[in-house]
Amino acid sequence: MIATDATFAEAVLTTEGPVLVDFWAQWCPPCHMIAPVLDQIAQERPITIVKVNTDENPGVARDYQVMSLPTLILFHNGQPIATFVGARPKARLLEELDKALAAVAPE
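Residues numbered from 1 in each chain as written. Predicted model: local features only at pLDDT ≥ 70, side-chain atom pairs only at ≥ 80, totals over all residues. Heavy atoms only, no water.

S.K.: Just to check I follow, could you spell out helix H2 (residues 29–44) for this structure?
M.R.: What sets the pattern is the α-helix's 3.6 residues per turn: residues three or four places apart point alike. Its 16 residues place the ends of H2 24 Å apart at the C-alpha level, agreeing with the 22 Å of an ideal helix rising 1.5 Å per residue. Remark: the principal bend of H2, roughly 30°, maps to Ala 35, with a proline, Pro 36, within the next four residues. Inspection of H2 places Cys 31, Ile 34, Val 37, Leu 38 and Ile 41 among the buried residues, and these make up the whole buried set. Check the buried side of H2 and you find it contacts strand S1 (18–24), strand S2 (48–53), strand S3 (71–76) and helix H4 (90–104). (Helix = DSSP H or I, 4+ residues; strand = E, 2+ residues; numbered from the N terminus. Expected span 1.5 Å × (residues − 1). Bend = angle between axes of the 7 residues up to and from the residue. Buried < 20%, exposed > 50% of the residue type's maximum accessible area, 1.4 Å probe, protein only. Contact = heavy atoms within 4.5 Å.)

S.K.: Any chance you could explain unusual backbone geometry here in plain terms?
M.R.: Both trends apply: most residues other than glycine have a negative phi, and most peptide bonds are in trans. Note the cis peptide between Leu 69 and Pro 70, where omega equals -10°. Despite not being glycine, Gln 65 shows a phi value in the positive range, around 50°. In the Ramachandran plot, Asn 77 falls in the positive-phi region, its phi being about 55° despite a non-glycine side chain. Examined against the element boundaries, Asn 77 turns out to sit in the loop between S3 and strand S4 (79–85).

S.K.: Explain the sheet that holds S3 here, please?
M.R.: One key point about sheets: their strands pair by backbone hydrogen bonds, in either a parallel or an antiparallel sense. Read from one edge of the open sheet, 4 strands run S2-S1-S3-S4, paired in mixed fashion. Two strands bound the open sheet, and with one partner strand each, they are S2 and S4. Each adjacent strand pair in this sheet contributes to an overall mean axis angle of 20°, direction not counted. As defined by bridge partners, S1 adjoins S3 across 6 bridges and the pair is classed as antiparallel. Across the sheet, residue Leu 20 finds its bridge partner in S3, namely Leu 74. Each of S1, S2 and S3 is contacted by H2, which is oriented at about 165° to S1, the strand it contacts most. Relative to S4, H4 is tilted by about 160°, and along the sheet it contacts S1, S3 and S4. (Pairing = 2+ DSSP bridges. Axes fitted to C-alpha atoms, helices over the stretch in contact; angles between N-to-C directions.)

Written out as structure tokens, the structure reads:
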């Protein structure tokens, strides 16, 4: 799913459950490296992946203080719960996502 400054609130903030927002840009090689990893995670886990092109949507990037790309922000029920900056291997990203989601899971 792709979100813009205009659709971000509807695509992310009003969505129940986990949403991983990928802040990226066309000129960013690490952004392209992590894209297939995110596609795999979307198939394997009950998580929504939303992509925001920061060049075309600077408002959302500014609102969430995105300074480096790629930046991934994990939202749960509309609230940001974790931020991951930079590309990383799939296993490490899954471990970090699982840890962040476990912290908000109901007992």
